[in-house]
Amino acid sequence: MRIAIVTDAWAPQVNGVVRTLQSLVAELRAMNHEPMVIAPDAFRSLPCPTYPEIRLALAGRRAVGARIAAFGAEAVHIATEGPLGLAARRWCLDRGVRFTTAYHTQFPDYVAARTGADPTWVWHLIRRFHRRADAVLVSTPTIQHMLEAHGIHHTRPWGRGVSREFSVEGTKDPLITALPSPILLYVGRVAVEKNVAAFLATPHPGSKVVVGDGPALSTLRQRYPDAHFLGSRFGDALAACYRAADVLVFPSKTDTFGLVMIEALACGTPVAAYPVPGPIDVLSSASGVMDDDLTRAIAGALTLDRTRCAAEGRQHSWQSSAEQFLAALVPVAVPHAA
């Protein structure tokens, strides 16, 4: 199947949405499908206000639609609610082309975290964006119920997977293993909505390690000089960080899933988190501890068995994720002239 995937989140951005879509594309190709990604790198773009690492494409529905039509897409999936997603949505609606969407990001919460604004008006925009899709793909039952509470009922499940390099087999990062234990690790974007400061402020003894980059990095370096900021890591190097850690701390309260949690589990590393969407769907009593007090959650997670954590992490596969994605798609007759 020829599948057009339209996304405002793509390399060189580093986040869960990008990694999810990159893994999906690789798995679809391995299954002999032909995905085409329409992303900001194909157009002129501007930096996103307050988050310059994210580029906002300057492309209208004609430019986006021309690529979909020229590709001869048999299905159209709109992954994000940004400028490209809006342009693709408008083009599809104008031509009666069916499409699916996905809810990857808690934009209402992100806007509230960054601006202090009431998220109610953002939910109005979210409902409007997804209303005409044939299906809205969601990562967990909790997100499904949340969307239903906000008037979005036509959801379909789309889980996440663990890449093959994330396993208990392999090396441990030597810089991390040399630090005083226990090793408390955060992996992800270093941004205000990720609540990294809550992790760094915990009084739990040991070494705090941050792997990732983002707009809040310089501020947190200054506020927490005893923490170890290693920058971004990928693939085997990231897996080595997970293996070297005693616990992954997941402080975010605004994620829809939290891909790093299942990666850590696959490497045998337990997770400490708040009892919020994402962790409550991913973690069990054997693989993580959730508590409103993050310090208590860390202490509890340090007592968990790493072998059982790894077994739970291996339950997630990208092949299963791709199969769920394909099951939600709708075949369309896309006109070959934009």
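These numbers come from a predicted model, not from an experiment. (Residues numbered from 1 in each chain as written. Predicted model: local features only at pLDDT ≥ 70, side-chain atom pairs only at ≥ 80, totals over all residues. Heavy atoms only, no water.)

S.K.: What is the right way to read the sheet that holds strand E7 (residues 135-138) from this model?
M.R.: Neighbouring strands of a sheet are bound in pairs by backbone hydrogen bonds; such pairs are parallel or else antiparallel. With parallel pairing, six strands are arranged side by side in an open sheet as E2-E1-E5-E6-E7-E8. Only two strands of the sheet have a single partner each, and these edge strands are strand E2 (34-38) and strand E8 (155-157). When the angles between neighbouring strand axes are averaged without regard to direction, this sheet yields 25°. Bridge analysis of strand E6 (residues 100-102) against E7 gives three bridges, and the strand direction is parallel. The residue bridging Ala102 from the neighbouring strand is Leu137, located in E7. Here helix H6 (residues 141-149) sits on the sheet in contact with E7 and E8, set at roughly 140° to E7. (Pairing = 2+ DSSP bridges. Helix = DSSP H or I, 4+ residues; strand = E, 2+ residues; numbered from the N terminus. Axes fitted to C-alpha atoms, helices over the stretch in contact; angles between N-to-C directions. Contact = heavy atoms within 4.5 Å.)

S.K.: Mind showing me how you'd approach the state of the cysteines here?
M.R.: What we call a disulfide is simply a covalent bond connecting the sulfur atoms of a pair of cysteines. Taken as a whole and judged by the stated rule, the model has zero disulfides. Cys241 takes part in no disulfide bond, and the closest cysteine sulfur to it belongs to Cys267, at a distance of 9.7 Å. (Disulfide = S-S within 2.5 Å.)

S.K.: I'm lost on the layout of surface pockets in this one. Help?
M.R.: Over the atoms rolls a probe the size of a water molecule, and in doing so it shows where empty space is left. There is about 310 Å³ of room inside the second largest pocket. Along its surface, the second largest pocket is lined by 18 residues, and Glu27, Val162, Ser163, Arg164 and Trp318 are the ones closest to its centre. Contributing elements (two or more residues each) for the lining of the second largest pocket: helix H1 (16-30) and helix H15 (318-328). Broken down by element, the residue count for the lining of the second largest pocket peaks at five residues, all from H1. (1 Å grid on protein atoms, 1.4 Å probe; cavity = no way out; pocket = protein on both sides within 12 Å on 5 of 7 lines; lining within 4 Å. Points joined across faces, edges and corners; volume = space filled by probe spheres on them.)

Everything listed here is a matter of coordinates, which is why it stays silent on function.
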